[in-house]
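# Fold and geometry: a report
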Amino acid sequence: MTTETLPVPPDQMLESENLPATAKAVLALLQNDNAEARSQQLRAFGADWQIRSAAAQQLAEAGLSAATISGIDAASVVTDLLLGYAAAREEQRTRHWQSHLVRRVQQLDGLHRVISAANSTLDMDASLQTVVDTVSEVMRVDVCSVFVFDQHRRILRLRATHGLNPRAIGEVEISLGEGVTGWAGQQGKPISVSDVRVENRYQHEPLLDEWAFRSLLAVPIILFASEKHSIETLQGVITVQTREPHEFTHEQISYLEVVAGEIALSIANAQLYQQTDARLHQKIRELTTLQRVTAALASTLDIDELLALIVEQAVQIAGVDRADVFHVNAASRPRLVASYGPGRTSGVEDLIVQVLKENRAIAVPNAYTDERWSPVQALAYREGFHSLFALPLRTGDRITGALCFYSYDPRYIEYEQVQLLSTFADEAAIAIENARLYEETQRNLTIKSTLLQEIHHRVRNNLQTISALLTMQARRIKPNTEGREALEDSVQRIQAIAAVHNLLSRDDLGQTSIQDIAKQVTENARATLLDDVPIAFEITGDPVQVSSRAATLLAIVINELVDNALDHGLGENGGTLGVDAWCVNHDAFVQVRDDGPTRPPVPHRVSTGLGLTIIETLVTADLGGTFELKRDQHWTRAIIKFTPAEFLDE
């Protein structure tokens with residue numbers, strides 16, 4: 001079915017020529033005689049009118065004018081136009097709310113990811129990188145960066161970025177109040193700049209490669225934000241940037257503030273963790289260093305070497321430029337005994353006296369302004385030392401000296417470091433006291449050893465005098481008589497004892513070896529032999545050490561055995577006479593052997609004369625050992641067994 005357009009009467013045509021363009025367009029639509037189709041066209045026209053953001057009143061006026069000319073009911077025409085207008089407006093609102101809801105969902109999802117990243121790890125760099133990537137995606141910006149505030153240095157340092165030069169991370173630092181970012185951190189409120197090229201506060205950072213970006217929004221990251229801003233609660237600044245100039249909406253600013261609030265606590269926790277972790281590692285390094293230093297201090301007992309080691313290790317463990325050790329006794333002022341590091345430190349004596357008097361550590365953070373000790377001020381200006389720290393050296397309740405540290409840089413010694421240095425000072429004081437006691441013991445030992453050697457020397461001289469007197473007396477007695485032989489035996493015994501004292505007068509600590517005793521005895525015996533008797537002497541075995549008392553007893557025993565071997569086994573035809581010594585576990589063995597003519601077997605523990613009686617008595621009663629005579633195909637052996645440790649402990 002086709003529709004026909006009704007012809008317009010001439011008078012209406014003349015009137016329509018004066019209508020506005022909108023009314024003419026409506027009038028054209030009214031020419032359709034199909035009421036339903038005309039209604040749809042009018043509604044479509046009204047919807048298009050709303051899309052062009054034109055006023056509804058103009059649309060209604062155009063409808064009234066066109067309806068009047070066409071003779072169609074004006075109410076139905078205006079109603080169709082406004083219904084189309086209203087439907088388009090509602091559809092536009094629906095699309096707007098749909099877009100808004102989608103954006104809000106995206107923001108919430110992004111915020112969820114930000115919170116998850118902030119709470120999932122204590123690795124600040126990884127967490128913040130996730131944050132900047134997420135914010136860039138959700139806010140549809142080109143750049144997002146996070147600057148973390150350093151409370152000690154009062155600067156903002158770039159820790160994560162999306163869209164800027166990644167090499168700038170950790171390198172770019174901004175002072176509070178510097179540029180837009182520093183300004184936001186100082187003011188504690190968001191700063192929005194639609195075009196940074198017309199903003200006087202903006203400062204371009206070449207390393208960031210950010211000249212291509214025009215707009216900038218900087219929001220401070222504040223822990224427990226309140227109306228009153230405080231630098232102590234500032235954790236950093238988060239920024240976003242776009243390539244084109246852009247006016248950031250209230251919604252965008254609010255969203256970035258929410259993100260900043262969420263990551264504030266995570267940054268604080270991460271920094272606290274890093275500080276705790278760094279402090280723990282520092283504590284481990286300090287304890288390791290202290291253990292190493294303690295081992296080093298225990299490695300020497302030389303007092304000068306120890307003092308040099310203490311001051312060297314003190315500089316390393318305290319991280320200072322110089323360290324001194326002062327010694328003090330009851331009757332003198334502190335005396336510098338060791339130092340390590342540059343400069344001269346005369347002028348700290350009054351400070352050291354005060355440390356010793358109060359028995360506590362004293363710190364001088366700024367020697368230039370501290371008026372307590374004028375010589376310390378003079379030292380600061382002369383040598384350039386800015387800070388000093390001194391503490392006493394104690395062993396038990398007794399103060400033995402002081403340790404003083406010097407630093408060219410300003411230093412404030414914290415409590416934990418005071419504890420570390422105090423422990424080091426205690427270890428050093430004990431090491432110094434041990435070295436001093438060792439040195440004193442060595443000195444006393446040298447004196448006593450000298451006195452002991454002198455005593456042995458005098459005893460030897462007296463024995464030699466007695467031996468000479470007995471020899472003179474023996475010469476007045478007829479040879480081969482019992483009295484002559486008794487005197488000669490006594491002379492040999494006395495000479496053996498004198499030989500031992502001769503050895504002891506040369507050795508330290510009143511000790512000698514069985515080999516040295518045997519050598520002295522055999523040398524004395526060799527001097528009494530006739531030239532035509534070929535006898536070879538052998539001294540073998542381990543260097544068994546014995547005390548002076550055991551040495552005297554062994555000298556008599558070995559002398560008797562050697563004398564017996566020379567008289568009865570080797571005196572006529574000669575041969576070999578050996579003295580052997582060795583140890584088995586804690587027991588010492590002495591063997592006197594000869595290869596003289598075969599003699600009848602000697603029953604065990606049967607005395608054959610005064611010599612064997614003396615030997616058995618000395619060995620069993622005095623040495624606490626055993627004596628045994630053996631004979632085999634080649635040798636006649638006299639074996640003595642005893643425990644030298646019993647005599648060395650005397």
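## Topic: the side chain of T395
Structurally, the position occupied by T395 is in strand β10 (residues 387–395). Those residues in contact with T395 that lie beyond four places of it in its chain are T400, A429, I430 and E433.

## Regarding the confidence of the model for the protein chain
In this model, the protein chain carries an average pLDDT of 79, and 83% of its residues clear a pLDDT of 70 or more. Contacts from residues 1–14, a stretch scored under 50 in pLDDT, to residues over four places away or in other chains number eleven contacts. Contacts for the low-pLDDT stretch residues 600–608, under 50 throughout, to residues beyond four places or in other chains number twelve contacts.

## A short note on the nonpolar core
Core analysis: the largest hydrophobic core is formed by 41 residues, its most contacted members being I514, L577 and F642. Looking at this core, the elements with two or more residues in it are α13 (482–504), α14 (514–528), β13 (535–541), α15 (548–568), β15 (575–584), β16 (587–594), α16 (610–622) and β18 (636–642). Looking at this core element by element, the count peaks at twelve residues for α15. Setting aside residues up to four positions removed in sequence, I514 forms contacts with V544, V546, L554, I558, A581, V590 and F642. By size, the runner-up hydrophobic cluster in this structure holds 34 residues, among which are A318, L391, L403 and I432.

## Quick word on the pairing of strand β1 (residues 143–150)
Burial within β1 is extensive, with eight of its eight residues counted as buried. Judged by which residues are buried, β1 turns out to be covered on both faces: V143, S145, F147 and F149 on one side and C144, V146, V148 and D150 on the other are all buried. Here β1 pairs with strand β6 (residues 234–242) via six bridges, running antiparallel. In the sheet register, F147 faces β6, and the bridge partner there is V237. Judged from the seven bridges that link them, β1 and strand β2 (residues 155–162) form a sheet pairing that is antiparallel. When the bridges of β2 are listed, V148 appears paired with R157.

Parameters and conventions
- Residues numbered from 1 in each chain as written.
- Predicted model: local features only at pLDDT ≥ 70, side-chain atom pairs only at ≥ 80, totals over all residues.
- Heavy atoms only, no water.
- Helix = DSSP H or I, 4+ residues; strand = E, 2+ residues; numbered from the N terminus.
- Contact = heavy atoms within 4.5 Å.
- pLDDT = per-residue confidence, 0-100.
- Core = buried A, V, L, I, M, F, W, Y, C linked by side-chain atoms within 4.5 Å.
- Buried < 20%, exposed > 50% of the residue type's maximum accessible area, 1.4 Å probe, protein only.
- Pairing = 2+ DSSP bridges.

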